[in-house]
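Secondary and tertiary structure notes
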Amino acid sequence: PREANLTATGITVGTRPYMAPEQLSGRRDLDVRCDVYAAGAVLFHMLAGKLPFSGDGLSLALAIASGTHLDLGELDPSLPEGLVSAVHRAISVRREDRWASASAFATALRSAMKPMDAADTEVVGDAGMKKLIAQAEEAARKRRIDRIRR
C-alpha cells in the first residue's frame with residue numbers, strides 16, 4: 001500500500017515547533033521522551049497561546065536545540081507553579097531531564113491540577129486537560145502493547 005512508503009530511514013517527519021531536539025538533529029535512538037516533548041509543546045501552546053520557541057527554519061531549530069523557550073509562568077502568572085514546572089520539564093532540551101513516560105507526565109499534570117478549585121480549572125480548560133491526559137495515557141498504553149509484541 002501507498003501508506004507504507006510515507007517515511008523512510010534518515011527522513012525527519014514532523015511539525016518542527018513540536019519536535020524534540022533529538023528528532024531535529026536526526027538521531028536514530030528516539031524513544032517515548034520525544035512524544036513527551038511533543039505533548040509538552042502542545043500543552044504549552046494551548047495554555048500560553050504561543051509556541052514555546054520562536055523563529056522559523058534554522059533559527060527555530062537552534063532555539064529548540066539550545067532550550068531557550070519562553071517562560072510559561074511569565075506568560076500566564078495565573079497558572080499553578082506545579083503545572084508550569086511539569087510542562088517545562090516535558091520540553092527540556094536534554095531528554096534525560098524530561099518525564100520518562102507519558103504516564104509520568106500525566107500523573108504530574110493531575111497532581112498539579114488537584115489543588116486548583118473549580119474557578120481556576122476553567123482558566124486552563126478542564127476538558128482540554130482531561131483530553132490531553134487521556135491521549136498521553138493512550139499513547140503510553142499503545143507503546144507498552146507494541147513493546148510486548150516485539
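Treat the numbers as computed from the prediction; the structure is a model and nothing was measured. (Residues numbered from 1 in each chain as written. Predicted model: local features only at pLDDT ≥ 70, side-chain atom pairs only at ≥ 80, totals over all residues. Heavy atoms only, no water.)

Among the nonpolar cores identified, the biggest contains 27 residues, and Leu47, Leu72, Leu83, Val87, Trp99 and Phe105 are the most heavily contacted of them. When contributions to this core are tallied by element, the ones reaching two or more residues are helix H2 (32–48), helix H3 (58–66), helix H5 (81–90) and helix H6 (102–113). Top element by residues in this core is H2. It accounts for eight residues. In this structure, Phe105 is in contact with Val36, Ala39, Gly40, Leu43, Ala86, Val87, Ala90 and Trp99, ignoring residues within four places of it in sequence. (Core = buried A, V, L, I, M, F, W, Y, C linked by side-chain atoms within 4.5 Å. Buried < 20%, exposed > 50% of the residue type's maximum accessible area, 1.4 Å probe, protein only. Helix = DSSP H or I, 4+ residues; strand = E, 2+ residues; numbered from the N terminus. Contact = heavy atoms within 4.5 Å.)

For any two helices packed against each other, one specifies the crossing angle of their axes together with the interaxial distance. The interhelical angle for the contact between H5 and H6, taken along N-to-C directions, is 165°, at an axis separation of 8 Å. Considering their axes alone, H5 and H6 lie roughly antiparallel with respect to each other. As H5 packs across H6, the resulting crossing turns out to be left-handed. Across the interface between the two elements, Gly82, Leu83, Ala86, Val87 and Ala90 from H5 touch Phe105, Ala108, Leu109, Ala112 and Met113 from H6. Residue composition of the contact of H5 with H6, by class: nine nonpolar, one polar and no charged. (Axes fitted to C-alpha atoms, helices over the stretch in contact; angles between N-to-C directions. Parallel < 35°, antiparallel > 145°, perpendicular 65-115°, else oblique. Left-handed = near helix turned anticlockwise from the far one by under 90°. Nonpolar A, V, L, I, M, F, W, Y, C, P; charged D, E, K, R; others polar.)

Using the criterion set out here, one finds six salt bridges in the structure. For Arg94, the salt bridge goes to Asp97, with nearest N and O atoms at 3.1 Å. For Asp97, a relative accessible area of 36% translates into the label partly exposed. (Salt bridge = Lys/Arg side-chain N within 4 Å of Asp/Glu carboxyl O.)

Right, let's talk about the environment of Glu74 for a bit. Looking at the element boundaries, Glu74 is found in helix H4 (residues 72–75). Taking relative accessible area as the criterion, Glu74 reaches 65% and is therefore assigned exposed. In this structure, the C-alpha to C-alpha distance between Glu74 and Val84, residues ten residues apart in sequence, is 9.6 Å.

Bringing the packing of H2 against H6 into the picture now. Axis separation between H2 and H6 bottoms out at 9 Å; the angle between their running directions is 30°. Two secondary-structure elements touch here, H2 through Val32, Val36, Ala39, Gly40 and Leu43 and H6 through Ala102, Phe105 and Leu109. Of the residues belonging to the contact of H2 with H6, the class tally is seven nonpolar, one polar and no charged.

Our focus in this paragraph is the confidence of the model for the protein chain. Low pLDDT means the predicted atomic positions in that stretch should not be read closely. Averaged over every residue, the pLDDT of the protein chain is 78; residues scoring 70 or more account for 69%. Looking across the protein chain, the model is least confident in helix H7 (residues 118–124), with a mean pLDDT of 49, and most confident in H5, with 95. With pLDDT under 50 throughout, residues 117–121 is counted as low confidence; its partners more than four residues away or in other chains account for two contacts. (pLDDT = per-residue confidence, 0-100.)

It is worth spelling out the packing of aromatic side chains at this point. Inspection of the entire model under this criterion finds zero aromatic pairs. In this arrangement the basic side chain of Arg89 is found over the ring face of Trp99, its NZ or CZ atom lying 3.7 Å from the centre. (Phe/Tyr/Trp six-rings, centres within 6.5 Å; stacked < 30°, edge-to-face > 60°. Lys NZ or Arg CZ within 6 Å of the ring centre and 35° of its normal.)

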